[in-house]
Amino acid sequence: MTVPVFRFAPSPNGHLHLGHAYSALLNEKMAHEANGHFLLRIEDTDQSRCKPEFTRRIFDDLAWLGLTWEEPVRIQSEHFDDYDANLLRLWDMGKIYPCFCSRKEATASALVTADPDGQLHYGGTCRALSRAEAASIITTGGQHGWRVDMNACNDPAAAIWGDAMIAKRNVGSYYHIAVVTDDHLQGVTHIVRGRDIEPATPLHTLLQRLLGFAAPHYHHHDLILDGSGQKLSKSLKSKALISLRAEGFTVAAIRKQLGF
Ligand code: GLU
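The rules behind these values
All residue numbers here refer to positions counted from 1 along the written sequence of the relevant chain. For a predicted model such as this one, the threshold for reporting local features is a pLDDT of at least 70, and the threshold for listing and counting side-chain atom pairs is 80 or more; totals across whole chains, interfaces and linings nevertheless cover every residue. As a rule here, side-chain values come from all non-hydrogen atoms in the structure, and water together with hydrogens is ignored. A run of H or I in DSSP becomes a helix once it reaches four residues, and a run of E becomes a strand once it reaches two; helices and strands are each numbered from the N terminus. The reference for a compact globule is 2.2 Å times residues^0.38; the radius of gyration itself is calculated from the C-alpha atoms. Relative accessibility thresholds used throughout: buried, under 20% of the residue-type maximum; exposed, over 50%; partly exposed, between the two (1.4 Å probe, protein chains only). The contact definition used throughout considers only heavy atoms, calling two residues in contact when any of these lie within 4.5 Å. Areas reported here follow the Shrake-Rupley algorithm with a probe of radius 1.4 Å; residue values treat only the protein chains shown as occluding. Working convention for charge: Lys and Arg count positive, Asp and Glu count negative, and His plus the chain ends are omitted. By convention, the charge on Lys lies at NZ, on Arg at CZ, on Asp at CG and on Glu at CD. To estimate the expected span of a helix, count its residues, drop one, and scale the result by 1.5 Å. For this description, a residue counts as near a given molecule or strand if any of its non-hydrogen atoms is within 4 Å of it. Counted as a polar contact is a pair of N or O atoms within 3.5 Å, where, for protein atoms, one must be capable of donating a hydrogen and the other of accepting one, and residues adjacent in sequence contribute only when both atoms are in side chains. Amino acids outside the nonpolar list (Ala, Val, Leu, Ile, Met, Phe, Trp, Tyr, Cys, Pro) and the charged list (Asp, Glu, Lys, Arg) are all regarded as polar, and Gly is one of them. Strands are labelled as partners when DSSP assigns at least two bridges between them. Seen with its strands pointing away from the viewer, a crossover is right-handed when the path leading from the first strand over the helix to the second is clockwise. Salt bridges, as used here, are contacts in which a Lys or Arg side-chain nitrogen is within 4 Å of a carboxyl oxygen on Asp or Glu. The nonpolar core is taken to be a set of buried Ala, Val, Leu, Ile, Met, Phe, Trp, Tyr and Cys residues, with the residues joined through side-chain atoms within 4.5 Å. An arc is given here, and it is the one of the directions from the helix axis to the C-beta atoms.

Would you mind going over the overall build of the chain in detail, with residue names and values included?
Broken down by element type, the chain carries 10 helices and 8 strands. Taking 260 residues into account, the globule formula puts the C-alpha radius of gyration at 18 Å, and the chain, at 20 Å, falls close to it. With respect to the three principal axes, the spread of C-alpha positions in the chain is 60 × 45 × 35 Å. Here the chain, with 260 residues, has 47% of them falling under the buried criterion. Put simply, 76% of the contacts in the chain that link residues at least 6 apart link residues at least 24 apart. Taken as a whole, the chain presents about 13000 Å² of accessible surface, with 53% of it coming from carbon and sulfur. Computed over 27 positive and 29 negative side-chain charges, the inter-centroid distance for the chain is 5 Å.

Laid out in structure tokens, this is it:
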């Protein structure tokens, strides 16, 4: 029988707040109840927004909450080679293509349909490039991201994203290829995360299927801001854990407020 593996995977682009605390505590609780593993992963591929001081803070805040996790912690910015290897596999399969469009160019050629984030679907300019043409632009140093060729994927659920960008340095979209790669490499069996990320899940399950990865179980929990923790006052919800600590909140009080 496979041992269940859970993970909490924050992005160090700011301080952790109560919503993060809830997600981390829930993952640890579920892992404990399932006699499974609880991993911590730092998702810092967007190096324009992530900072080492926020990563240090995450370790500190989580330890303060009483959480323990297995070492070594996977730090995504140290593993771009793993993500790029999977991008090449997907390109070889004809499922993704490099996109050289600037944001402005992509907007200018956009379709009228929109994705779950409200962004108009990409019009497909770079899809028309041959592999040889694209490869030669890359060789000459052309900046590019990678988009899914949805027409080649036959996946109605993921198609709501259009030709989604799944990897581009410093715009946050490396997240998609990185999360799928790491969940596979780390043997994650249960992905427990907030409802805010639920719309991206069809994109992740598509990538898992294309890459031949096992399908994990997904559970998307309510967000502290709109669902659970109704008793929390609004000012409390938006405060960083570091501020709550400074104001003298105890771990016991916070755990109780969050229902643990
Ligand atoms: N790094 C993502 C975030 O902080 C979470 C990714 C995930 O749990 O799959 O929003």
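After presenting the structure, the write-up continues.
An account of helix H6 (residues 174-185) is needed here, citing residue identities and associated values.
For H6, spanning 12 residues, the distance from its first C-alpha to its last is 16 Å, which sits close to the expected 16 Å at 1.5 Å a residue. Counting buried positions along H6 gives 10 out of 12 residues, so the element sits mostly inside the fold. Every buried residue of H6 is accounted for by Tyr174, Tyr175, His176, Ile177, Ala178, Val179, Val180, Thr181, Asp182 and Asp183. Among the residues trailing H6, Gly187 stands out with phi positive, at a value near 65°.

With reference to specific residues and values, describe the site of the ligand.
Taken together, Arg7, Ala9, Pro10, Ser11, Glu43, Tyr175, Val179, Arg193 and Ile197 make up all the residues around the ligand. At a separation of 2.7 Å, a nitrogen atom of the ligand approaches a polar backbone atom of Ala9. Across the shell around the ligand, the residue classes tally to 5 nonpolar, 1 polar and 3 charged.

Which residues make up the side chain of Thr55, and what values go with them?
In this structure, Thr55 sits in helix H2 (residues 52-64). In this structure Thr55 comes out as buried when scored by relative accessible area, which is 11%. Beyond its immediate stretch of four places on either side in the chain, Thr55 contacts Pro12 and Ile42.

Describe in detail the pairing of strand S7 (residues 190-194), supporting the description with residues and values.
For S7, the buried fraction is high: 4 of the 5 residues fall into the buried class. Judged from the 5 bridges that link them, S7 and strand S8 (residues 217-221) form a sheet pairing that is parallel. Across the sheet, the residue bridging to Ile191 is Tyr218, located in S8. Crossover handedness for the path S7 to helix H7 (residues 201-211) to S8: right-handed.

Please provide a residue-by-residue account of the side chain of Arg74, values included.
When you line up the elements, Arg74 lands in strand S3 (residues 74-75). A distance of 2.7 Å separates the side chain of Arg74 from the side chain of Asp182, its partner in a polar contact. Apart from residues lying up to four places away in sequence, Arg74 is in contact with Leu40, Arg41, Ile42, His79, Asp82, Tyr83, Asp182, Leu185 and Gln186.

An account of the pattern of salt bridges is requested, with residue identities and associated values reported.
One pass over the full model with this rule turns up 18 salt bridges. Residue Asp155 pairs with Arg209 through a salt bridge whose shortest N-O separation is 3.4 Å. Of this pair, Asp155 sits in the loop between strand S5 (145-148) and strand S6 (165-167) while Arg209 sits in helix H7; the two residues are 54 residues apart in sequence, bridging distant segments of the chain. Within this structure, Arg7, Arg41, Glu43, Arg74, Asp82, Asp182 and Asp183 form a network of salt bridges that share partners.

Pulling in residues and values, what's your account of the nonpolar core?
As a rule of thumb, soluble globular proteins bury nonpolar side chains together. Residues Leu87, Leu90, Ile96, Val148, Ile166 and Ile177 are the most contacted members of the largest nonpolar core, which totals 35 residues. For this core, the element with the most residues is H6, which contributes 6 residues. Membership of the second largest hydrophobic core comes to 27 residues, among which are Phe6, Phe38, Trp69 and Leu244.

Would you mind going over helix H3 (residues 80-92) in detail, with residue names and values included?
Taking 1.5 Å as the rise per residue, H3 with 13 residues should run 18 Å; its terminal C-alpha atoms sit 18 Å apart, in good agreement. Listing the buried residues of H3 in full gives Phe80, Tyr83, Asn86, Leu87, Leu90 and Trp91. Around the axis of H3, the buried residues are gathered within 145° of arc, so they sit on the same side. Opposite the buried face of H3, at more than 90 degrees from it, the exposed residues are Asp81 and Asp92. Looking at the residues trailing H3, positive phi occurs at Gly94, about 80°.

Limitation: the analysis is restricted to geometry and does not speak to function.
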